[in-house]
Amino acid sequence: VELSSRFLRHASLLLVDFPSRDSLTQIYRTFNGGIMKLFPQLKGETDVITEAMIELFTACQKKFTPQMQPQYFYSPRELSRWVRGIYEAVVHMDHGLTREELIRIWAHEALRLFSDRLVEHDEIEWCSNKIDEVAKQLFAAVDHDEVL
């Protein structure tokens, strides 16, 4: 819809697009770093978990579009919900958190955010496989059959 110049003279128009991948990485690295401060032994996992989150998010965003189903609209809000879900799962853990438990929580929250909104069985299967693929690619040196 084109807005008339008369209208634009009285109202400011501002377009804010979604952040770039680099911006998402910077933003969510900071959030994940805050969570990892609770578990100093996992401080080195901040970059890996951030990269895994953004990798899965962008893959789902490309694969599932609102033209397929209206609920297939993905915004950075999903990443914020993901971080919050992980935080709420770990904040009251008194016994500490292992790398395997962190990956399991990461995958659980991914399924909750991305798979639960999908309609078709093959879409759900693709999402589950993509979560496994990203985990195997980015979380090395863990027994993925045990963790996932």
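Procedures and definitions
Residues numbered from 1 in each chain as written. Predicted model: local features only at pLDDT ≥ 70, side-chain atom pairs only at ≥ 80, totals over all residues. Heavy atoms only, no water. Helix = DSSP H or I, 4+ residues; strand = E, 2+ residues; numbered from the N terminus. Expected span 1.5 Å × (residues − 1). Buried < 20%, exposed > 50% of the residue type's maximum accessible area, 1.4 Å probe, protein only. Contact = heavy atoms within 4.5 Å. Disulfide = S-S within 2.5 Å. Axes fitted to C-alpha atoms, helices over the stretch in contact; angles between N-to-C directions. Parallel < 35°, antiparallel > 145°, perpendicular 65-115°, else oblique. Left-handed = near helix turned anticlockwise from the far one by under 90°. Nonpolar A, V, L, I, M, F, W, Y, C, P; charged D, E, K, R; others polar. Core = buried A, V, L, I, M, F, W, Y, C linked by side-chain atoms within 4.5 Å. Phe/Tyr/Trp six-rings, centres within 6.5 Å; stacked < 30°, edge-to-face > 60°. Salt bridge = Lys/Arg side-chain N within 4 Å of Asp/Glu carboxyl O.

### What to know about helix α4 (residues 76–90)
Next, step 1: The first and last C-alpha atoms of α4 sit 22 Å apart over 15 residues, in line with the 21 Å expected at 1.5 Å per residue.
Next, step 2: Looking only at α4, the buried set comprises P76, E78, L79, W82, V83, G85, I86 and V90.
Next, step 3: Looking at the buried side of α4, the elements it contacts are α2 (21–36), α3 (46–63) and α5 (99–113).

### A closer look at the state of the cysteines
Next, step 1: Across all of its chains, the model carries zero disulfides by this definition.
Next, step 2: Here C60 stays free of any disulfide, with the sulfur of C127 as its closest cysteine sulfur at 4.3 Å.
Next, step 3: Looking at C60, the relative accessible area reads 0%, which means it is buried.
Next, step 4: When its relative accessible area of 0% is taken as the criterion, C127 is described as buried.

### Considering the packing of α3 against helix α6 (residues 121–138)
Next, step 1: Where α3 contacts α6, the axes come no closer than 10 Å and their chain directions differ by 150 degrees. Relative to α6, the element α3 lies roughly antiparallel. Of the two possible hands of crossing, α3 and α6 adopt the one that is right-handed. Residues V48, E51, A52, E55, L56, A59, C60 and K63 of α3 pack against W126, C127, K130, I131, V134 and L138 of α6.
Next, step 2: A per-class count over the contact of α3 with α6 returns 10 nonpolar, no polar and four charged.

### Some remarks on the nonpolar core
Next, step 1: By size, the foremost hydrophobic cluster in this structure holds 38 residues, and its most contacted members are W82, W106 and F114.
Next, step 2: At the level of elements, α2, α3, α4, α5 and α6 are the ones that each hand at least two residues to this core.
Next, step 3: Dropping the residues within four chain positions of it, F114 is found in contact with L56, F57, C60, Y74, E78, W82 and C127.

### Re the packing of aromatic side chains
Next, step 1: Scanning the model with the defined rule gives eight aromatic pairs in all.
Next, step 2: Their ring planes at 70 degrees and their centres at 5.4 Å tell us that Y28 and F31 sit as a pair that is edge-to-face. Taken together, the residues span about one helical turn, with Y28 and F31 both in helix α2 at a distance of three residues.
Next, step 3: Each ring, one from F64 and one from Y72, has its centre 5.5 Å from the other, and the planes form 65 degrees; the classification is edge-to-face. Assigned by exposure class, F64 and Y72 land together as buried.
Next, step 4: Put simply, the rings of Y74, W82, W106, F114 and F139 touch in pairs and so form one group of aromatic residues.

### Some points on α5
Next, step 1: With 15 residues, α5 extends 21 Å between its outermost C-alpha atoms, agreeing within 8% with the 21 Å of an ideal straight helix rising 1.5 Å per residue.
Next, step 2: The set of residues buried in α5 consists of R99, L102, I103, I105, W106, A107, E109, A110 and L113.
Next, step 3: Taken together, the buried residues of α5 touch α2, α3, α4, α6 and α7 (144–147).

### Description of the pattern of salt bridges
Next, step 1: According to the stated counting rule, one finds nine salt bridges in the structure shown.
Next, step 2: R81 is the partner of E78 in a salt bridge, and the nearest nitrogen-oxygen pair spans 2.9 Å. Linking E78 with R81, this pair stays in helix α4, spanning three residues, or about one helical turn.
Next, step 3: Accessibility expressed as a relative area gives 4% for E78, which makes it buried.
Next, step 4: Residue classification places R81 among the partly exposed positions, given a relative accessible area of 34%.
Next, step 5: Between R84 and E88 there is a salt bridge; the shortest N-O distance is 3.5 Å. Of this pair, R84 and E88 both sit in helix α4, separated by four residues, roughly a single helical turn. Here the two residues R84 and E88 agree in accessibility, since each one is exposed.

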